[in-house]
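Residue-level structure breakdown
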Amino acid sequence: MALPESLRMSITPPELELISSQQLLEIVPLISMERTAFISGAYGPLRPPNKAIVPIWMAVNLKSKKKCHIVAPAWLNVDFLQDRLNYETSKPGFSDLPFRFMEISKVLLDVASDDLEDPDKLRSLLKDLREARQAKSRDGLKRLDHSELSLPNLSSMEINEIRPFFVQSMHMLTQLVREPSAA
Amino acid sequence: MDWDEEYDLLAAGGAAERSFVERARNALPDDDDLDMPHGPPRPAAVPFQLQQPAEEETPLQQLMRHWTNERNCPDILPAQEELLVNILDHIRRQSQTVQLLREDASTSEDEHVRIMLAQTEMERVKFIVRSYIRTRHYKIDRYARFITTNAEVQTRLTAGERDHASRYANILDRHLYKCVLQSLPPAQAHLDDTAAFVPSMITQPDKTRPVFAHARQDCPPIRLPDGTALEMQKGHISLVPYHTVEQFVVRGEVELV
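This one's a predicted model, so the numbers in the text were calculated from it and none came from an experiment. (Residues numbered from 1 in each chain as written. Chains lettered and ligands numbered in written order. Predicted model: local features only at pLDDT ≥ 70, side-chain atom pairs only at ≥ 80, totals over all residues. Heavy atoms only, no water.)

**Comments concerning the overall build of chain A**
Heads up, the condition is: Runs of E in the DSSP output that reach at least two residues are strands. Runs of H or I that reach at least four are helices, and both are numbered from the N terminus. Using C-alpha atoms as the atom set, the radius of gyration is obtained and then compared with a globule rule of 2.2 Å times the number of residues to the power 0.38. Between buried and exposed lies partly exposed: a residue is buried under 20% and exposed over 50% of the maximum accessible area for its type, with that area taken using a 1.4 Å probe on protein chains only. Each accessible area is a Shrake-Rupley result for a 1.4 Å probe, and residues are judged covered by the shown protein chains and nothing else. In this charge count, Lys and Arg are treated as positive and Asp and Glu as negative; neither His nor the chain ends contribute. Charge coordinates come from a single atom per side chain, which is NZ of Lys, CZ of Arg, CG of Asp or CD of Glu.
Helices and strands together make up the secondary structure of chain A, namely 7 helices and 6 strands. Along the chain direction, N to C, the helices and strands of chain A fall in the order α-α-β-β-β-β-α-β-α-α-α-β-α. Against the 2.2 N^0.38 benchmark of 16 Å for 183 residues, chain A shows a C-alpha radius of gyration of 20 Å, more extended than a compact globule. Considered along the principal axes of its C-alpha atoms, chain A spans approximately 70 × 45 × 20 Å. Residues counted as buried form 53% of the 183 residues belonging to chain A. For chain A, the exposed area adds up to about 8,500 Å²; of that, 55% sits on carbon and sulfur atoms. Separation between the mean location of the 23 positive side-chain charges and that of the 24 negative ones in chain A comes to 3 Å.

**Brief notes about the UniProt feature "domain: DNA replication complex GINS protein PSF2 N-terminal" (unreviewed entry) in chain A**
Note the following rule: UniProt positions are given in the numbering used here, feature names are shortened, and annotations may be inferred rather than shown by experiment.
UniProt annotation of "domain: DNA replication complex GINS protein PSF2 N-terminal" (unreviewed entry) refers to residues 12-71 of chain A when read in the numbering used here. Secondary structure over residues 12-71 of chain A splits into 28% helix and 32% strand, and the C-alpha atoms at its two ends are 27 Å apart.

**Some thoughts on the interface of chain B and chain A**
Put simply, the rule reads: In what follows, a contact means two residues having at least one pair of non-hydrogen atoms within 4.5 Å. Should a side-chain nitrogen of Lys or Arg be within 4 Å of a carboxyl oxygen of Asp or Glu, the pair is scored as a salt bridge. As used in this structure description, the phrase polar contact means that two N or O atoms lie within 3.5 Å; if the pair is within protein, one of them must be able to donate a hydrogen and the other to accept it, and residues adjacent in sequence are counted only when both atoms belong to side chains. In the scheme used here, Gly and all other residues not listed as nonpolar or charged are polar, with Ala, Val, Leu, Ile, Met, Phe, Trp, Tyr, Cys and Pro taken as nonpolar and Asp, Glu, Lys and Arg as charged. DSSP bridges decide pairing: two strands pair if at least two such bridges lie between them.
On the side of chain A, 63 residues touch chain B, which itself brings 60 residues to the contact. Where chain B packs against chain A, one counts 1 salt bridge. Note that Glu15(A) and Arg71(B) form a salt bridge whose closest N and O atoms lie 3.0 Å from each other. At the boundary of chain B with chain A, the tally comes to 21 residue pairs in polar contact (both at pLDDT 80 or more). Looking at the side of chain B that touches chain A, the elements with two or more residues in it are helix H3 (59-72), helix H4 (81-103), helix H5 (109-142), strand E1 (210-215) and strand E4 (237-241) of chain B. Take the side of chain B that touches chain A: its biggest share by element is 19 residues, from H5(B). For the side of chain B that touches chain A, the per-class residue count stands at 31 nonpolar, 16 polar and 13 charged. Two strands pair when backbone bridges link them, and strand E6 (residues 149-150) of chain A and E4(B) are joined in this way by 2 bridges, in the antiparallel orientation. Each bridged residue has a counterpart across the sheet, and for Ser150(A) the counterpart in E4(B) is Ser238(B).

**Observations concerning the pairing of E4(B)**
Residues and elements named next belong to chain B. With 5 of 5 residues buried, E4 is to be regarded as a mostly interior element. Of the strand pairs in this sheet, E1 and E4 are connected by 5 bridges, and their pairing is antiparallel. Note on E4: the bridge partner recorded for Phe212 is Leu239.

**Comments concerning the nonpolar core**
The tendency in soluble globular proteins is for nonpolar side chains to be buried side by side. Defined as follows: Nonpolar cores are built from buried Ala, Val, Leu, Ile, Met, Phe, Trp, Tyr and Cys residues. Side-chain atoms within 4.5 Å join them into one set.
Grouped together as the largest cluster of nonpolar side chains are 64 residues, with contacts concentrated most on Ile27(A), Leu62(A), Leu81(A) and Leu117(B). Per-element tally for this core: the top contributor is H5(B), with 11 residues. Apart from residues lying up to four places away in sequence, Ile27(A) is in contact with Leu46(A), Asn50(A), Lys51(A), Ala52(A), Val54(A), Ala59(A), Leu62(A), Cys68(A), His69(A), Ile70(A) and Val71(A). In terms of nonpolar packing, the next biggest core, distinct from the first, is built from 17 residues, Ala213(B), Ala215(B), Cys219(B) and Tyr242(B) among them.

**Some words on the environment of Gln80(B)**
Residue and element names in this part refer to chain B. Its place among the elements puts Gln80 in the loop between H3 and H4. For the pair Gln80 and His66, spaced 14 residues apart in sequence, the C-alpha separation works out to 8.0 Å. Reaching out from Gln80, the side chain makes a polar contact with the backbone oxygen of Pro78 at a distance of 3.3 Å.

**Concerning the UniProt feature "domain: GINS subunit" (unreviewed entry) in chain A**
Here the UniProt feature "domain: GINS subunit" (unreviewed entry) sits at residues 75-175 of chain A. Taken end to end, residues 75-175 of chain A is 64% helix and 2% strand, and its first and last C-alpha atoms sit 42 Å apart.

**A closer look at the UniProt feature "domain: GINS subunit" (unreviewed entry) in chain B**
Mapped onto this structure's residue numbering, the UniProt feature "domain: GINS subunit" (unreviewed entry) falls at residues 100-176 of chain B. As a span, residues 100-176 of chain B carries 86% helix and 0% strand, and end to end its C-alpha atoms are 52 Å apart.

**Description of the domain arrangement of chain B**
All names here are of chain B. Rule in force here: An automatic or database domain assignment provides the domain bounds reported here. Buried area adds together the accessible area that both of two parts lose upon being put together, with accessible area traced by a 1.4 Å probe.
Domain parsing of chain B yields domain 1 (3-19 + 56-142) and domain 2 (210-256). For the pair domain 1 and domain 2, the two sides together bury roughly 740 Å², of which 59% comes from carbon and sulfur. Per-residue buried area on domain 1 facing domain 2 is highest for Arg65, Asn69 and Asn72; these three make up 50% of the total on that side. Between the two partners, domain 1 and domain 2, sit 1 salt bridge. When the shortest N-O distance is used, the salt bridge between Arg216 and Glu57 registers 3.3 Å. One can count 2 residue pairs in polar contact (both at pLDDT 80 or more) joining domain 1 with domain 2. Tallied by class, residues from the side of domain 1 that touches domain 2 come to 4 nonpolar, 3 polar and 3 charged.

**What to know about the side chain of His171(A)**
Within the secondary structure layout, His171(A) lies in helix H7 (residues 156-182). Those residues in contact with His171(A), other than ones at most four positions away along the chain, are Asp206(B), Thr208(B), Arg209(B) and Pro210(B).

Below you can see the structure in the form of structure tokens.
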């Protein structure tokens, strides 16, 4: 059919990665390139060793050909993530992280771990963050009712993860509440 | 020119030319020359925003937003015909440029990097366009009978999509009639009975299905099913039944994530 079964309920993680890769990022190019018009806008000029701003997909593409170094975003470092992790483990709410931090950090750690400081520590911090937040979002299921559930600071990948179960549960609650008045 | 035609042209390698007048009518205010937001995208003072909302959305960002909305929305959203024509037009121009550069033997090594990047981007954009159209088609197939009986939904479709919906509903009806219905007693041979306590035979979009709504700007209060009101501030994310935020999604104040 027009849309395969697996894509009907939700957007898939690779698609979220595709969306995230449109965000802009700083790189240090190793090749020069004139300012070029792309469909999403004009980028460049690349003039080593000056920094330039390009979309993540372009940075990843250049990086995998060893034509640039990636400058880590301001939030992708040990200090910042440790700070957020402390918040996650001491406070009940979700800490404030970029909406697509999971996708972006995954892409950058995959292709550009040599441009990041202490990638192993970053990986373990991100994993701890994920687990702490996951526990909280599961806990949020208790507060689910038929009308609304606020999820401040939840990131896109986490929403996608809880989507099938939360949507189904809330839908079921809606039906349970609606029946008496309809009959 | 409707989407399918546009798309066929694209599939054929973008070689076909449209008349100048038509191109001019649909052309963007030539955004090839437009500067993209440059300078640091996230100023140091406010390092984290959920998105990068400060600048005007580019056509591609708009398409991506409509695509994710469409994917997460139980109903069919208004068609973005003009936007899509713009983007397809842009892809075609880009692929012509690339083609010319590739054929030129004097193209330097540096140029190859540019060509490669341009091609990568075209594939990315094509994927989104394709997925967007397929998502709509899936919903149209699914709700075909409902679409043919409901004038309001039809206003949200393009001419090509309306045509497809009615043809599809027709074929399906004929098929069901030939396979089963013709051998049933006439009283039971309808496809649109509305018996009490049984869901309607015509599948309709279920607007009570919950969606994750993300406010792109401050929104006026919405009324929730339990009677309370919710005022969504910019950046707020909520799981709410779709019908409560329907108007906001159509107006672009809320996106579905």
